Amino acid sequence: MKKRALLLSLLLLGGCSREFVEKFYDVDYTATNRFAKNLAPLPGQFTKDAAALDRLMNNFSGQVKRYWGDKDSLVASKRQYVKYTDGYQSRAHVDFVRGVVIVETVATTEPEKHLKEAITTTLLTPDNPGGVDLYSDSGIELQGKPFLYGQVLDQEGKPIEWSWRANKFADYLINRDLKKRKIRYQQAYYVEIPMVADHANKRGYKYASIVRDASRRYGIPEDLIYAIIKTESSFNPYAVSHANAYGLMQVVPNTAGADVFKLVKNKSGKPTPEYLFDPAKNIDTGTAYFYILRNRYLKDVQDPLSLHYSMISAYNGGTGGVLKTFHNDRKRAMNDLNSLQPNQVYWALTNKHPKAEARRYLQKVTNFQKEFNQGKI
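Here's the deal with the side chain of Glu-104
Thinking step 1. Its place among the elements puts Glu-104 in strand S3 (residues 100-105).
Thinking step 2. Glu-104 gets classed as buried once you look at its relative accessible area, which sits at 3%.
Thinking step 3. At 2.9 Å, the side chain of Glu-104 and the side chain of Arg-181 are in polar contact.
Thinking step 4. Once you skip the residues sitting within four places of it in the chain, Glu-104 turns out to touch Trp-68, Gln-89, Ser-90, Arg-91, Leu-115, Arg-181, Ile-183, Tyr-189 and Tyr-190.

As structure tokens, this is what we get:
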């Protein structure tokens, strides 16, 4: 059903009439990521590309299950980086919630050799989501500063940037911490690498200048942008979801992305997944959508704090969900919202919103905002 929903979402395209005059940069539509290319069809290619995506996902899922079975199959998500290599025999799994990196292989010949290669590849994977295909076993070009740099330390407590250090650490892990477990009818060899305690903050620091620029560009508070990123992806630039959302701020190309292109960038079409995997463009797009929420969809909310709460809720559950919290008639809903104090608006959105996820979302984001302002993010 999730795959069917993903395919159907390709057919949806948000759009509105008013255009803003701001235009910040041109868009590179070139997609090198094979999965991204299939998720970003050109006009008139929906049927063909939906079928191609169907075949691609079926092939990917089949290959994963062939080696790992139904029970142990993993796929990348918002807070989980999962990448298969080595003919699907090896994989890297970064769990940003637990703060652990698990590298494992089910290779039947020379498993320790396969595992070492998988470990070094994981440690040296670059901070370039657009160049890593999460939906195949394709190799990774190991150039530039690693994605996990500073988030994982070797046996000497040093960050890992070069191949010699990664290889040395891989040997250490295999000699000291090699583990085994049964997967289907075969043996899996794996290591678990703990991430540093403040790994989320280290990821967040990398985007400080980008967040600052976006905040100034659109007049959206920095603490809100940080809180949204932490809530949506835990600062994982590789984040993807079954809802067809991508990157740090989990932007959906067909809705928020299309609105930003049309209403802010004055461009046709919508951003490709590869475009949204670029942290700078993702943060710009997500922040620009808050600009649209504030200046268009929710411009009639009178109290600044009530508007703030409404924008956060709408980012997750849509403007319609915010208004339905107060009344089914949109005009009446806006009047009812404006008759309440901000604390009452917050209570309504966290207790009466039609979607439970949206109710929790507002709570999470506002809590993370407080953490940011206390210096914890």
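Some remarks on helix H12 (residues 304-324)
Thinking step 1. With 21 residues, H12 should cover 30 Å at 1.5 Å per step; its first-to-last C-alpha distance of 20 Å lies more than 12% under that length.
Thinking step 2. If you look at H12, its biggest bend is around 120°, right at Gly-317.
Thinking step 3. Taking burial as the measure, the 21 residues of H12 include 15 buried ones, the bulk of the element.
Thinking step 4. At the N-terminal boundary of H12, the capping side chain belongs to Asp-303, with an oxygen 2.9 Å from the backbone nitrogen of Leu-305.

Digging into the sheet that holds strand S5 (residues 186-194)
Thinking step 1. The five strands are arranged S1-S2-S3-S5-S4 in an open sheet whose pairing can be described as antiparallel. Each edge of the open sheet is held by one strand with a lone partner, namely strand S1 (80-85) and strand S4 (179-183). Between one strand axis and the next, the sheet turns through 25° on average, direction left out of account.
Thinking step 2. By the bridge criterion, six bridges tie S1 to strand S2 (residues 90-95) in an arrangement that is antiparallel. Looking across to S2, one finds that Thr-85 is bridged to Ser-90.
Thinking step 3. Strands in contact with helix H4 (residues 111-124) are S2, S3 and S5; relative to S3, the strand with the most contacts, it is inclined by about 145°.

A closer look at the packing of aromatic side chains
Thinking step 1. Summed over the entire model, instances satisfying the criterion amount to 18 aromatic pairs.
Thinking step 2. Consider the rings of Phe-261 and Tyr-275, whose centres lie 5.5 Å apart with planes at 90°: the pair is edge-to-face. Of the two residues, Phe-261 sits in helix H9 (residues 253-263) while Tyr-275 sits in helix H10 (residues 273-277), which places them 14 residues apart along the sequence. There is no split in this pair, since Phe-261 and Tyr-275 are both buried.
Thinking step 3. Over the face of the ring belonging to Tyr-149 we find Lys-145, whose NZ or CZ atom lies 4.5 Å from the ring centre.
Thinking step 4. It is Arg-181 that lies over the ring of Tyr-190; its NZ or CZ is 5.8 Å from the centre.

Examining the pairing of S4
Thinking step 1. Examined bridge by bridge, S4 and S5 share five bridges and lie antiparallel to one another. Looking across to S5, one finds that Ile-183 is bridged to Gln-186.
Thinking step 2. Counting the residues in the hairpin turn of S4 and S5 gives two residues, including Arg-184, whose phi is positive at 55°.

The rules behind the values
- For every chain, the first residue of the written sequence is number 1, and numbering continues from 1 onward in sequence order.
- In view of the model being predicted, local features appear only for residues whose pLDDT reaches at least 70, and side-chain atom pairs are presented and counted only at 80 or more, with totals across whole chains, interfaces and linings using the full set of residues.
- With hydrogens and water excluded, all non-hydrogen atoms of the structure serve as input to the side-chain values.
- Strands here mean DSSP runs of E at least two residues long; helices mean DSSP runs of H or I at least four residues long; both are numbered from the N terminus.
- The buried label applies to any residue whose accessible area, calculated with a 1.4 Å probe on protein chains only, is under 20% of its type's maximum; exposed applies above 50%, and partly exposed to all values in between.
- Between N or O atoms, a polar contact is any pair within 3.5 Å; within protein, one atom must be a potential hydrogen donor and the other a potential acceptor, and residues adjacent in sequence are included only when both atoms are from side chains.
- The criterion used for residue contact is that any of the two residues' heavy atoms lie within 4.5 Å.
- Every helix has an expected span of 1.5 Å times one less than the residues it contains.
- Bend, in this description, refers to the angle at a residue between axes fitted to the seven residues ending there and the seven starting there.
- Here, any two strands with at least 2 DSSP bridges between them count as paired.
- An axis is simply a line fitted to the C-alpha atoms; with a helix, the fit covers only the stretch in contact. Between two such axes, the angle follows the N-to-C directions and lies from 0 to 180 degrees.
- In this scheme Phe, Tyr and Trp rings, the latter by its six-membered ring, pair at centre separations within 6.5 Å, and the angle between planes marks the pair as stacked below 30 degrees, edge-to-face above 60, and tilted otherwise.
- Throughout this description, the term charge over a ring refers to an Arg CZ or Lys NZ atom that lies within 6 Å of the ring centre and within 35 degrees of the ring normal.

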